[in-house]
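What follows is the residue order along each chain.
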Amino acid sequence: WSAPGPAAAEEPRHLQPSQSTESNAEHDSRSLQAAALRGKPGVLFWHFSGAGGTSLVSWLAHSLGLHPPADTVGPNANWATDAKVTTGYPSMIGSKIGLDHAPRSRRHDCQEIDAAIARGEGTMFGFETPAMAPLACKNAVIWLTMRDPIERIISRLYKSTKGGKSSDTALDSIGGEAAVLRALDKTTWFHSTAHTVGTRSTGGKPLAGKPTWSPNGTLRYGRNRRALGMDTLGSASLNNVYTRSLLGPASFLRPLDDLRVADLDAAKVVLGGFDVVIPMWAMETLPFLLGLPVHVLAPTVSVHGSHSMASKASVSPELAVKLAKHNQLDEKLYAHAIELHRARLRERARLLWPPGKVQTRPAPTGGGRKPPPVATATGAGRGPTALELCPADEFADALGVLSALLPRAVSRGGGLEALTARYVGRFGSAVCPAAHASAGWPRSTRSSRLLLNMAEGTSGTRTVNCWLEGAQLRTAHFPLTATELTPKSATAPGRLHECTRGAGANSCTGQYDLYDYVSDVPVPQVAQLLLQTHSASQLAAVLTLRDPWEWTMSRTNSHSQHNASEDRSFIDDHSFVSVPCGCPWRPADRSEADRIRMTGRSPSRYKVEAYSRLGKETGVLVDTFESPGCAEPTPLTRHTTAALDMLTHNAWTYCVASRRRVPLFAANLAEDMFLMEHVPGSNDTRKLLSKTPSTRPRESESLYRELLSFVGKTSGRKDKRQPEKIRADGSACW
């Protein structure tokens, strides 16, 4: 392939709906409803407050054309039987559904909802008291969204209340944090002295008895005093709420910590019977999961970062520890829900792209570009293809997981189906280089783990390198660190430079093994080779993420030299973005401007040392490997394509590393979010942490500290610095 000329046309074609007759039919709300609701005419939504339910209800109405019956209350389509109302209404509802006023100990059935749907009165019914919600309906599918249980509890306690006489937060209405701590020590029931939730209570003083379920599904003390809302009820609201609710009204009112593992298993069975179970962070995958056409956008849920109700909360370490202790069953249930969702998503992807079969679904490529040809090499000499390393279903899964750390990036890229189809069509047949000693990539012999950052630079790699350098790891942040991987002069196409000849310390594998942590160009391009040459016990992966469109702008404006290099015979390495099974590219020669940039004014010592080892025609990736049939790396001049390819490469490398069960730490430093998986000695819950005190309430739990913890667990290193030194070193790197 040759270097690009003028900027190629962008590729928005897959973002636009087709104008065909079939596409017009897809716009019909009835067609969308039939696809999303599996042929049933309605949906029953189990709504745990603070888990994205309001956003989902709005999406159901505006994107699918569903509507609640006339007697629903509030923006969440709460069915009147479940509505949180006061004077007079409970008796009216009790009469309507033929119930007396005796305390209720069983769920509502779906008879009334099925009848209302059959009469055409509504197609969307919300239940914000899940413990009373029906488990099965004839005319309605059942959907449930879930959020990290502790994060959800914190967000509800610190949610601002509204009204002229309301207190600042729901926590204030029950007597503050002290009342919550008491409820986590001993079974306690909060109550309000007024009928309106949110008014100041009696200071969190517990009642002698416990509430009962009234005929309409609300909780009351006797006939006249109504309990507070489900989120400020007492111990039951703070202790395994998900598990209690799935088991029903009687189990919901059980004492503090009365639930056992058998109850968790029973709750998992109930959860498996629901038609849709989706974590709140995975909402961008919903249209794909439902089989909706690509023009249907996902719900928008703005609870990440500073948008979360809990982001301004001040949670004490004592409360954080107690919430974790008393919600262990819910944490496991939430992890099960995530796995259930991911399994269903992979199943959906396998229907579209059957494993082992010829991929026939068209993929938009834009600009008339064709997928790369299959390599002519066969047998042991041919490396694996991108799809062999990461099948379509697992790519879709990886993209769905990373959507949690890249808010709205998947939707902006056209949705999960369009992006997966694009990966299959554009890169599926691309061939990666085969790792073997004769090519300079022998199996590693190191006894400890190499930390490998698979992401492009300009994504926080410099900050992470600084953090780990402060932790006394030997780091290599390319290209400012020159090693034998950097040749002294450019070589002719097809020749391999010195580090790739044979095995041993001078091989490419050996040169990388000189370090504890490597990042930035050319690491993203050779990440797959390092994954081939190192076992899961010899490697740990880091993936620093950034919004792809922001990254493209920053990389182009601040790092790329393609404008200054137009008169050169080579193209600078910063002018491209890595792609799955990408070809190596030729770097630019070092110019006088580079020398001034690296050594002028107030240069750092390591920059001066690095430049002194560089020759005039030196880059960081010159024919490091050969791979017939590789895919063209994408120039930054094609801005939209570059952004989409960066997102694709992030998901692909995550997928390849995850399939090899390599310990992985993925983080978005700008959003202050991260996740981990396959960490030795840890339960593999793929915990997602966001910018809320509920997820990192203790001083020791910051993204920086969690990364250091990850490094310690995967490398066996013990950080000997004092806490004050650790904090100071971390702050100095920002």
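Residues numbered from 1 in each chain as written. Predicted model: local features only at pLDDT ≥ 70, side-chain atom pairs only at ≥ 80, totals over all residues. Heavy atoms only, no water.

> Tell me about the overall build of the protein, and name the residues and values.
Looking only at helices and strands, one finds 28 helices and 16 strands in the protein. The buried share of the protein, taken over its 734 residues, is 60%. The long-range fraction of contacts in the protein, counting pairs at least 24 apart against all pairs at least 6 apart in sequence, stands at 77%. Summing over all exposed atoms, the protein offers an accessible surface of approximately 29300 Å²; the carbon and sulfur share of this is 52%. (Helix = DSSP H or I, 4+ residues; strand = E, 2+ residues; numbered from the N terminus. Buried < 20%, exposed > 50% of the residue type's maximum accessible area, 1.4 Å probe, protein only. Contact = heavy atoms within 4.5 Å. Areas by Shrake-Rupley, 256 points an atom, 1.4 Å probe, with all protein chains shown as cover.)

> How would you summarise the packing of aromatic side chains if you had to cite specific residues and measurements?
In this description, an aromatic ring pair is defined by two values, namely the gap between the centres and the angle between the planes. Scanning all chains against the criterion turns up eight aromatic pairs. Between Phe665 and Phe710 the ring centres are 5.5 Å apart and the planes differ by 45 degrees, which places this aromatic pair in the tilted class. With Phe665 in strand β14 (residues 664-668) and Phe710 in helix α27 (residues 703-715), the pair connects residues that are 45 residues apart, well separated along the chain. The class for Phe710 is buried, based on a relative accessible area of 1%. What links up through ring pairs into an aromatic cluster is the set Phe665, Phe674 and Phe710. Stacked on the ring of Phe288, the Lys or Arg Arg348 has its end atom at 5.8 Å from the ring centre. Lying across the ring of Tyr515, Arg474 places its NZ or CZ 4.9 Å from the centre. (Phe/Tyr/Trp six-rings, centres within 6.5 Å; stacked < 30°, edge-to-face > 60°. Lys NZ or Arg CZ within 6 Å of the ring centre and 35° of its normal.)

> Describe the environment of Ala35, naming the residues involved and giving the relevant values.
As for its placement among the helices and strands, Ala35 is situated in helix α2 (residues 29-36). Look past the residues within four positions of Ala35 in its chain and what remains in contact with it is Leu290, Gly291 and Leu292.

> Let's hear about the confidence of the model for the protein: which residues, and what values?
Of all residues in the protein, 67% attain a pLDDT of 70 or more, and the chain-wide mean is 75. Within the protein, helix α12 (residues 261-272) carries the highest mean pLDDT (98), whereas helix α4 (residues 89-96) carries the lowest (29). In the model, residues 613-623 has pLDDT below 50 throughout and makes 52 contacts with residues more than four positions away in sequence or in other chains. (pLDDT = per-residue confidence, 0-100.)

> I'd like a rundown of the sheet that holds strand β7 (residues 276-279), residues and numbers included.
Taking strand neighbours across the sheet as the criterion, the four strands line up as β2-β1-β3-β7 in an open arrangement whose pairing is parallel. Strands with a single pairing partner mark the edges of an open sheet, and in this sheet they are β2 (124-127) and β7. Neighbour-to-neighbour, the strand axes of the sheet open up by a mean angle of 20 degrees, direction not taken into account. By the bridge criterion, five bridges tie strand β1 (residues 42-46) to strand β3 (residues 140-146) in an arrangement that is parallel. Residue pairing across strands places Trp46 opposite Leu144, the latter belonging to β3. Packing against the sheet, helix α15 (residues 328-352) makes contact with β3 and β7, and its axis sits at approximately 115 degrees to β7. (Pairing = 2+ DSSP bridges. Axes fitted to C-alpha atoms, helices over the stretch in contact; angles between N-to-C directions.)

> A description of the state of the cysteines should follow, citing residues and the corresponding values.
Within this structure, the stated rule accounts for five disulfides. The disulfide partner of Cys390 is Cys655, and the gap between their sulfur atoms is 2.2 Å. Residues Cys390 and Cys655 share a disulfide whose torsion about the S-S bond is about 110 degrees; that sign makes it right-handed. In this pair, Cys390 sits in the loop between α16 (386-389) and α17 (392-402) while Cys655 sits in helix α26 (residues 639-659), placing the two residues 265 residues apart along the sequence. Owing to a relative accessible area of 0%, Cys390 belongs among the buried residues under this scheme. The cystine pairing of the protein, numbering bonded cysteines in sequence order, is 1-2, 3-9, 4-6, 5-10, 7-8. (Disulfide = S-S within 2.5 Å.)

> Could you give me a rundown of the environment of Arg244, with the residues and numbers involved?
With respect to the element layout, Arg244 can be found in helix α10 (residues 241-247). For Arg244, a relative accessible area of 0% puts it in the buried group. Between the alpha carbons of Arg244 and Ala267 there is a distance of 8.2 Å; along the sequence they are 23 residues apart. Apart from residues no more than four positions distant in its own chain, Arg244 is found in contact with Ala236, Asn239, Ser251, Phe252, Leu253, Arg254, Pro255, Leu256, Asp257 and Leu259. Side-chain polar atoms of Arg244 contact the backbone oxygen of Phe252, separated by 2.9 Å. (Polar contact = N/O pair within 3.5 Å; in protein donor to acceptor, adjacent residues only side chain to side chain.)

> Hey, could you go over the pairing of β7 for me, with residue numbers and the actual values?
The two faces of β7 match: Val276 and Ile278 on one face and Val277 and Pro279 on the other face are all buried. Summarising the sheet, β3 and β7 pair through four bridges and their orientation is parallel. The residue of β7 that forms the bridge with Leu144 is Val277.

> Summarise unusual backbone geometry; cite the residues concerned and give the values.
Located in the positive-phi region is Ala77, a residue other than glycine, with phi close to 55 degrees. Tracing the sequence through the fold places Ala77 in the loop between α3 (53-64) and α4. A relative accessible area of 2% places Ala77 in the buried class. Positioned with a positive phi, Asp257 is a non-glycine residue whose angle comes to about 60 degrees. Position of Asp257 among the secondary structure elements: in the loop between α11 (249-252) and α12. Of the residues examined, Asp257 reaches a relative accessible area of 31% and is grouped as partly exposed.

> So what about the pattern of salt bridges? Which residues, and what values?
All told, the structure shown has 21 salt bridges when counted by the stated rule. Glu151 is paired through a salt bridge with Arg147; the nearest N and O atoms lie 2.9 Å apart. Here Glu151 and Arg147 have matching classes, each one buried. Of the charged contacts in the structure, one is a salt bridge between Arg721 and Asp719, with a shortest N-O distance of 2.7 Å. Note on Arg721: relative accessible area 13%, which makes it buried. Here Asp719 falls in the partly exposed class, since its relative accessible area comes to 32%. Connected through shared salt-bridge partners, Glu339, Arg342, Arg346 and Asp397 make up one network. (Salt bridge = Lys/Arg side-chain N within 4 Å of Asp/Glu carboxyl O.)

> I'd love a proper account of the pairing of strand β8 (residues 450-453), names of residues and values included.
Both faces of β8 are covered, namely the face carrying Leu450 and Leu452 and the face carrying Leu451 and Asn453. Taken together, the four bridges between β8 and strand β11 (residues 539-545) define a ladder with parallel strand orientation. Counterpart to Leu450 in the pairing with β11 is Leu539. Pairing between β8 and strand β10 (residues 517-519): two bridges, direction parallel. The partner of Leu451 across the bridge, within β10, is Tyr517.

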